[in-house]
Amino acid sequence: MRVSASLMEDMPATTQVALAEALEAGARLYIEFGPLPAFERATLILVEHEGRRTELGNVSIRHGNA
């Protein structure tokens, strides 16, 4: 959840407004991790009611030593 919030905060205000309108119209937000099995990045995807997918942003995931 923090990843999606961070990606959304970095969007320009006009993009945030368009995103809010798309969500009100039935679009959904998804976070995809990949490539499997490494989980090197997280991508925020908007999937519109009609099925069109739009990548909104992504972040690299760092792996720490355990």
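Residues numbered from 1 in each chain as written. Predicted model: local features only at pLDDT ≥ 70, side-chain atom pairs only at ≥ 80, totals over all residues. Heavy atoms only, no water.

1. A short note on the pairing of strand 2 (residues 41-47)
Among the seven residues in strand 2, six count as buried, and that is most of the element. Taken together, the seven bridges between strand 1 (residues 28-34) and strand 2 define a ladder with antiparallel strand orientation. Across the sheet, Tyr 30 pairs through a bridge with Ile 45, a residue of strand 2. Connecting strand 1 to the next strand, strand 2, in antiparallel fashion are six residues, including Phe 39 with a positive phi near 50°. Where strand 2 and strand 3 (residues 53-60) come together, seven bridges link them in antiparallel fashion. Across the sheet, Leu 46 pairs through a bridge with Thr 54, a residue of strand 3. (Buried < 20%, exposed > 50% of the residue type's maximum accessible area, 1.4 Å probe, protein only. Helix = DSSP H or I, 4+ residues; strand = E, 2+ residues; numbered from the N terminus. Pairing = 2+ DSSP bridges.)

2. Thoughts on the pattern of salt bridges
Following the criterion strictly, the structure yields two salt bridges and no others. Where Arg 52 meets Glu 48, a salt bridge forms, and the shortest distance between an N and an O atom there is 2.6 Å. (Salt bridge = Lys/Arg side-chain N within 4 Å of Asp/Glu carboxyl O.)

3. So, the nonpolar core
One finds Leu 7, Met 11, Leu 19, Ala 22, Ala 27, Leu 44 and Leu 46 forming the largest nonpolar core, which totals seven residues. Taken together, the elements giving at least two residues each to this core come down to helix 2 (13-24) and strand 2. (Core = buried A, V, L, I, M, F, W, Y, C linked by side-chain atoms within 4.5 Å.)

4. Side note on the sheet that holds strand 2
The three strands lie next to each other as 1-2-3, forming an open sheet whose pairing is antiparallel. Of all strands in the sheet, those bounded by a partner on one side alone are strand 1 and strand 3. On average, each strand axis in the sheet is tilted by 25° relative to the strand beside it, whichever way the strands run. (Axes fitted to C-alpha atoms, helices over the stretch in contact; angles between N-to-C directions.)

5. As for a nonpolar patch on the surface
A cluster of nonpolar side chains, contributed by Ile 31, Phe 33, Leu 36 and Phe 39, occupies part of the molecular surface with about 380 Å² of accessible area. For Phe 39, the position within the fold is in the loop between strand 1 and strand 2. The exposure class assigned to Phe 39 is partly exposed, which follows from its relative accessible area of 36%. (Patch = residues over 30% accessible without salt bridge, like charges linked within 9 Å, V, L, I, M, F, W, Y side chains within 5 Å. Areas by Shrake-Rupley, 256 points an atom, 1.4 Å probe, with all protein chains shown as cover.)

6. Quick word on the packing of aromatic side chains
According to the stated counting rule, one finds one aromatic pair in the structure shown. Taking the centre distance of 6.1 Å and the plane angle of 70° together, the rings of Phe 33 and Phe 39 count as edge-to-face. (Phe/Tyr/Trp six-rings, centres within 6.5 Å; stacked < 30°, edge-to-face > 60°.)

7. Quick word on the environment of Arg 28
By the secondary structure assignment, Arg 28 is in strand 1. Sequence separation between Arg 28 and Ile 45 is 17 residues; the distance between their C-alpha atoms is 8.3 Å. If sequence neighbours within four positions are ignored, Arg 28 has contacts with Leu 23, Ile 45, Leu 46 and Val 47. (Contact = heavy atoms within 4.5 Å.)

Any functional reading would require information beyond the geometric quantities listed.
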